[in-house]
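Here is what each chain is made of, one letter per residue.
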Amino acid sequence: MRPEKLTLCGLGSYTKEETIDFTGKNFIAIVGDTGAGKSTILEAICYALYNRCTNANTSFPLIADGGNGTMSVTLTFAVGNRRWQVARSASRDKSTPVQRLTCLDTGILTIGAKAVTAEIQRIIGLDYDTFLRAVVLPQGRFQELLRMNDRERAHVLDSVLGLDQLVQVREHAKTLQGRLKDRLAEYRLHRRRFLDDPAAALTAATDQHNAHKQRLQRLEQARRAITGARADQQRAATAASALAAVKETLPAATPAGAAEQLHTLARQARTLDGQRTDISQLINQQQIEQDLLREHVAQAEQHGGTVSGTATAISTLANLGEQIPQQRKRTQQVAENATAIAAEQVTLREMQQKAAALEPGVAAADKTYSDADTALTQVRQRRERATGRLKTWREKVAELQKARTELADLEQAFSAAQDKANEAKGLADQAKDEQDQSEHTHTALTKASAAAAAAADLEPGAACITCSRPLPADFTPPAVPDLTTADVAREKARARAEKTGRAAAVAADRVATLKDESLPAARQRVTTAETVLNQALLALREVVADADLSGTDEQILKQLVDDTATAEGDLNRAREARDEIRQTATAAKTAFDTLSQSHKKRIAAHREQERQVLEQERAIDDAANRLAVRFALTTPLDLAEIHRQKTAAEAHQQHLQQLTERRTKTDEALAKLRQRSTDLDKAYAETITKPAAELRDKLMTLAQRVSAAAAAVDLEQPATAPDVHADLDRQAQWATELLAHTQKTFDVCATRIGEYRQAERNAVDAIALACRAADAADEEGLERQYLAVHGTVQNLQQHIDRAQAEMPVVSALQERIDTANGTVDVLAQLHAALADSKFIAEAVRRRVQALLYQASEILYSISGGHYRFAPDFRILDLDTNEERGVKTLSGGETFLASLALALAVVELASNATGHVEALFLDEGFGTLDTSRLRDALNALTGHSATGRLVTVISHMRSITENAEHVLVVEKDLTTSRVHWADAEERERIINDDLGRGLLE
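Residues numbered from 1 in each chain as written. Predicted model: local features only at pLDDT ≥ 70, side-chain atom pairs only at ≥ 80, totals over all residues. Heavy atoms only, no water.

Undergrad: Help me understand the packing of aromatic side chains in this model?
TA: A full pass over the atoms with the stated rule returns one aromatic pair. On the numbers, 5.7 Å between centres and 65° between planes, the contact of Tyr-50 with Tyr-128 is edge-to-face. Highlighted residues: Tyr-50 in helix H1 (residues 38–50) and Tyr-128 in helix H3 (residues 128–134), separated in sequence by 78 residues. As far as the burial class goes, Tyr-50 and Tyr-128 line up, both buried. The lysine or arginine in question, Lys-25, covers the ring of Trp-980, its NZ or CZ lying 4.7 Å from the ring centre. A cation over an aromatic ring shows up here: Arg-223 above the ring of Tyr-786, its NZ or CZ 3.9 Å from the ring centre. (Phe/Tyr/Trp six-rings, centres within 6.5 Å; stacked < 30°, edge-to-face > 60°. Helix = DSSP H or I, 4+ residues; strand = E, 2+ residues; numbered from the N terminus. Buried < 20%, exposed > 50% of the residue type's maximum accessible area, 1.4 Å probe, protein only. Lys NZ or Arg CZ within 6 Å of the ring centre and 35° of its normal.)

Undergrad: Got a minute to help me understand the pairing of strand E4 (residues 70–79) in this structure?
TA: Two faces belong to every sheet, and in a regular strand the side chains alternate between them. Of all 10 residues in E4, seven are buried; the element is thus mostly enclosed. The pairing of strand E1 (residues 2–9) with E4 spans seven bridges and is antiparallel. If you follow Leu-6 over to E4, its bridge partner there is Leu-75. Taken together, the 10 bridges between E4 and strand E5 (residues 82–91) define a ladder with antiparallel strand orientation. Each bridged residue has a counterpart across the sheet, and for Met-71 the counterpart in E5 is Ala-90. (Pairing = 2+ DSSP bridges.)

Undergrad: Quick question: what am I supposed to make of unusual backbone geometry here?
TA: Trans peptide bonds make up most of the peptide bonds, and negative phi angles are found at most residues other than glycine. Phi angles above zero are rare outside glycine, and Asn-51 is one such case at about 60°. As for its position among the elements, Asn-51 is in the loop between H1 and E4. In this structure, Asn-881 takes a positive phi of about 55° despite not being glycine. Secondary-structure assignment places Asn-881 in the loop between strand E10 (875–877) and strand E11 (882–884). For Asn-881, a relative accessible area of 61% corresponds to the exposed category.

Undergrad: Explain the sheet that holds strand E13 (residues 949–953) here, please?
TA: In a beta sheet, neighbouring strands pair by backbone hydrogen bonds and run either parallel or antiparallel. The strand order across the open sheet built from six strands is E8-E12-E13-E3-E14-E15, with neighbouring strands paired in mixed fashion. One side of each edge strand has no neighbouring strand; the edge strands of this open sheet are strand E8 (136–137) and strand E15 (976–980). With four bridges joining them, strand E3 (residues 27–32) and E13 adopt parallel strand pairing. Within E13, the residue paired with Ala-29 across the bridge is Val-952.

Undergrad: How should I be thinking about the pattern of salt bridges in this particular structure?
TA: Think of it this way: side chains of opposite charge can pair up when their charged atoms draw near. Tallied over the full model, the rule gives 39 salt bridges. The partner of Glu-783 in a salt bridge is Arg-223, and the shortest N-O contact between them spans 3.2 Å. In this pair, Glu-783 sits in helix H15 (residues 779–835) while Arg-223 sits in helix H7 (residues 198–253), placing the two residues 560 residues apart along the sequence. Under the relative-accessibility criterion, Glu-783 is labelled partly exposed at 29%. Given the relative accessible area of 27%, Arg-223 is considered partly exposed. Taken together, the shared-partner salt bridges in this structure form one network comprising Glu-439, Arg-490, Glu-491 and Arg-494. (Salt bridge = Lys/Arg side-chain N within 4 Å of Asp/Glu carboxyl O.)

Undergrad: Even after reading the chapter, I still don't get the packing of H7 against helix H14 (residues 728–773), so can you show me in this structure?
TA: Each pair of packed helices can be summarised by the angle the axes make with each other and by the distance between the axes. At their nearest, the axes of H7 and H14 sit 8 Å apart, and the two run at 160° to each other. In terms of orientation, H7 lies roughly antiparallel with respect to H14. In this structure, H7 meets H14 at a crossing whose hand is left-handed. Looking at the contact of H7 with H14 residue by residue, the class counts come to 24 nonpolar, four polar and six charged. (Axes fitted to C-alpha atoms, helices over the stretch in contact; angles between N-to-C directions. Parallel < 35°, antiparallel > 145°, perpendicular 65-115°, else oblique. Left-handed = near helix turned anticlockwise from the far one by under 90°. Nonpolar A, V, L, I, M, F, W, Y, C, P; charged D, E, K, R; others polar.)

Structure below.
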């Protein structure tokens, strides 16, 4: 894991957002005053990755006190060849936190605190505790990995160096072996679906296919010969059959005695033509008589009208004589009805005026009632609002009392919590002082123990291991102090300090929660309740005015109840007055409406009567106008004139009837003559035209067949038939010539049919010869042989195709089977080896030895060649060639050993998993002398030169001078800020520190 960019806000002393870009930087020094916020940067990284801080199981202690109560951190980091971005936030107000992890290369998103932490742990390959001991080394925990017992150290190294992956490899090998066994079984089952030996099958099928292919070619040659002969036979048979069919049609189509029949019909036709001429002359004579009578009738109709027209005029004149007296009577009745309607209209106007006079009183009564109803509604609404607002006011009074009680309880709890927090802090401070004292005592005893161990073998006169001067004669090696009691005391002091520290933190959190959250919220609830109560009181006063609110609800609302009763009485009185005047107005309107309806019906009846009189008048005038001019009437119509014109019309009708009877007789005579002519035409058609046409049709059919037969045998065509309107004698001559040509054609067809039959017999002989050549008894046997050989050839070709298709498939499948067999065996051996505890133990031992070797080389380098690691994580003092326990080391020696071990862990972990590519160190360099410090810095520089990130938090000038980049942390009254120092600022920092004597 290598950080690229860190953005934090609201965390520790960083109340405002700050961003640190680690891109392209390998060796970084973070400098700043004590409390500026340097270590908070490491806390931000831990929080981003694991949602925790380094000294507690939760992240809430990291939230800045001076901010808005919310902290947020966004970290972009790289693992291998992929980049990730994690974003987290937390708030004291319990708002929804942000927990999000995004792969910037694939876009895959993970959300939720637990899910994000688990995914990051999977990506990096380190849990939280291991991360703090191998990657981020905060203040006070730098030497933990060095001082762990074997079991704890094994757990850390398993994760960091990837030793726990051996178990995963073993289980993965077992899983793969099971999967490959299933896949191998599938391969073998699939192999059984193919030919055992596709290549051999291909050779055998090819040989058989070639032999049967030659036999098939001979059979196909015979089939072609038979097909040709069969075609010749078919053509000859078809030609013979077709010609025989044509030949047989000639006798059937030849009409017997056709020429003689045509001559007889010619003689009969001449007799009937003479009779038709006589009838035509008589028809002409009757036609002349008929035309004369039509002229006389037309003249009579022109002067007096037609028969039907005269009859219509007589009927019209008779109707007019009856309708005129009746029309005059109806006209008199219409005039009388008009007078009565006018009198009734006067009465209606008087009744309407009376009803209209009552409407203002009705409107006034309605308004009085509406005003009373509105007043009652308003009073009731005020009463309802007052009831509701009174209820709300009483509820808000109760809520305010409850909020004040809760606030008093919380203030009492806050006072008690402060007392407990002060007490817990005092205990924690006391425990911390005791821990510091025990650490100081333990360090002094450790140094004394180291000195005693170093001087144990020295004698008077020997060189002092410190100043190289000779020891005095009375020198006695100091006694080795008992470190067991000091260890126990230190561990107890540490445990008590941690316990009291946690208790103090919990108590402080409780006080902070009450102060920052519970008490402000309770005070806000009281303020809100007071505001709401005042609003409810103002709303209540709007409807109850100055009523005494200390009384009961009935007493407070009494005035509104009385106002409601008064308004109800006013409404009842207005309703009674309104109903009385409405009844009077309704009676007047009902009388008016009744008479008005009757008057409307009378007017409608009168108008209908007027319409009928006018229509009848128009009908009489129209009838008089439609009369012929000879019988026209003058206006106004007179009954005597109508009678005279009727008599004249009847006389004219009698004259027309006489002329019509004479014309009818002439028409009947002419019709009889025309019928006689029609009968003669029918007789001619039946006896002459139809028989002649039938004979012609038969001869035409015969001519067509003779023409077809002549064309089939290459003879000349018969003579062309005469026109259909030619005389029957000419048609009789053509019939004689056609019959002679028919006999000649028939004889030639018979000769040609004999030739075709002989060709058929020759083709049958050729077919038999082809069958014998193919060793077949007949065509059916030949066809059976062909189908059998053809099917065999196709089957063999399918075998060839299958063998050719299966050869590469079987080869590839067999290769997979062989490969899978070998892989399954290898996986089984791998699983067995990894299941062997001795193998695992040996792998762990070699890993640990590699770590110790790497750490030993680094320690040797940074200690100036004075120390190495022994095989059991003890320290080998090369000056005395003795192994020393970790507890015997001084502060500087402990720091060097811890640094060497941390660098070795990062180096091996990076080589093993590729996931650890950064190291963060917080303080600790102050315990080193100048030469050791230079060696340590050279080791860190070399470590960063490999491309890994090394970040050191320190006040020391040497680190600022040697670091590739310097990150300056500054704090003002509101927040901490960071920036990268340029060359000038970097030089100034070094000089200022030298001037103050703050850097060694």
